[in-house]
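Coordinate inspection notes
Each chain is listed here by its residues.
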Amino acid sequence: MKPAYHAPKVLKHQPIRFET
Amino acid sequence: MASYIHKEKFEVLELDGESVILNADAFMVTTLNEVGSFCWSLLHEPCTIRQMIQTVQTHYAVEDESIEQDIEQFVTHLMDCGLIRHAS
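Residues numbered from 1 in each chain as written. Chains lettered and ligands numbered in written order. Predicted model: local features only at pLDDT ≥ 70, side-chain atom pairs only at ≥ 80, totals over all residues. Heavy atoms only, no water.

A look at the interface of chain A and chain B
One widely used convention gives an interface's size as the accessible area the parts lose upon coming together. Every contact between the two is made by 16 residues of chain A and, on the other side, 26 residues of chain B. In total, chain A and chain B occlude about 1900 Å² of area from one another, counting both sides; carbon and sulfur atoms represent 68% of this. Linking chain A to chain B there are zero salt bridges. Between chain A and chain B we count eight residue pairs in polar contact (both at pLDDT 80 or more) in total. Across the side of chain A that touches chain B, the residue classes tally to 10 nonpolar, three polar and three charged. Examined bridge by bridge, strand S1 (residues 10-15) of chain A and strand S4 (residues 28-32) of chain B share five bridges and lie antiparallel to one another. Within S4(B), the residue paired with Pro15(A) across the bridge is Met28(B). (Contact = heavy atoms within 4.5 Å. Buried area = accessible area lost by both parts, 1.4 Å probe. Salt bridge = Lys/Arg side-chain N within 4 Å of Asp/Glu carboxyl O. Polar contact = N/O pair within 3.5 Å; in protein donor to acceptor, adjacent residues only side chain to side chain. Nonpolar A, V, L, I, M, F, W, Y, C, P; charged D, E, K, R; others polar. Pairing = 2+ DSSP bridges. Helix = DSSP H or I, 4+ residues; strand = E, 2+ residues; numbered from the N terminus.)

A word on the packing of aromatic side chains
Applying the stated criterion across every chain, the model contains three aromatic pairs over all chains. Judged by centre distance (5.9 Å) and plane angle (70 degrees), the ring pair of Tyr5(A) and Tyr60(B) falls under edge-to-face. Here Tyr60(B) lies in helix H2 (residues 49-60) and Tyr5(A) lies in the segment before S1, a pairing that spans two chains. Seen in terms of ring centroids, Phe38(B) and Tyr60(B) are 5.6 Å apart; in terms of plane orientation they differ by 90 degrees. Their pairing is edge-to-face. In this pair, Phe38(B) is assigned in helix H1 (residues 34-42) and Tyr60(B) in helix H2, connecting sequence segments 22 residues apart. Accessibility classification places Phe38(B) together with Tyr60(B) in one group, the buried group. Taken together, the aromatic side chains of Tyr5(A), Phe38(B) and Tyr60(B) make up a single cluster linked through ring pairs. (Phe/Tyr/Trp six-rings, centres within 6.5 Å; stacked < 30°, edge-to-face > 60°. Buried < 20%, exposed > 50% of the residue type's maximum accessible area, 1.4 Å probe, protein only.)

Focus: the pairing of strand S1 (residues 3-6) of chain B
Residue and element names in this part refer to chain B. Across two bridges, S1 lies against strand S5 (residues 47-48) in antiparallel orientation. Looking at S5, one finds that serine 3 is bridged to threonine 48. Bridge count for S1 against strand S6 (residues 84-86) is three bridges, and the pairing is antiparallel. Across the sheet, residue tyrosine 4 finds its bridge partner in S6, namely histidine 86.

Set out below in structure tokens:
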């Protein structure tokens, strides 16, 4: 049967936006 | 050697291999790529950087030395995001 390796990354880190 | 673990139980959505982590207390949302999601799954229980490197090398069948640096940076980033803590 291996998945491809890419560097582990934090893609986004952002505040939650509330839509009222 | 220091070990790390999830800071608390977060809500996690998986979309196309990426993980979206909802930190409701801090009103923050964090997205991890596929390998980041795999590393995140290892941190359900206390895990050292050395253990993470070995598990990633086995899972992805890579021996690249840069993995060590990749994972150290990733763990530092997760700490900065407030998602993991030192396990004691």
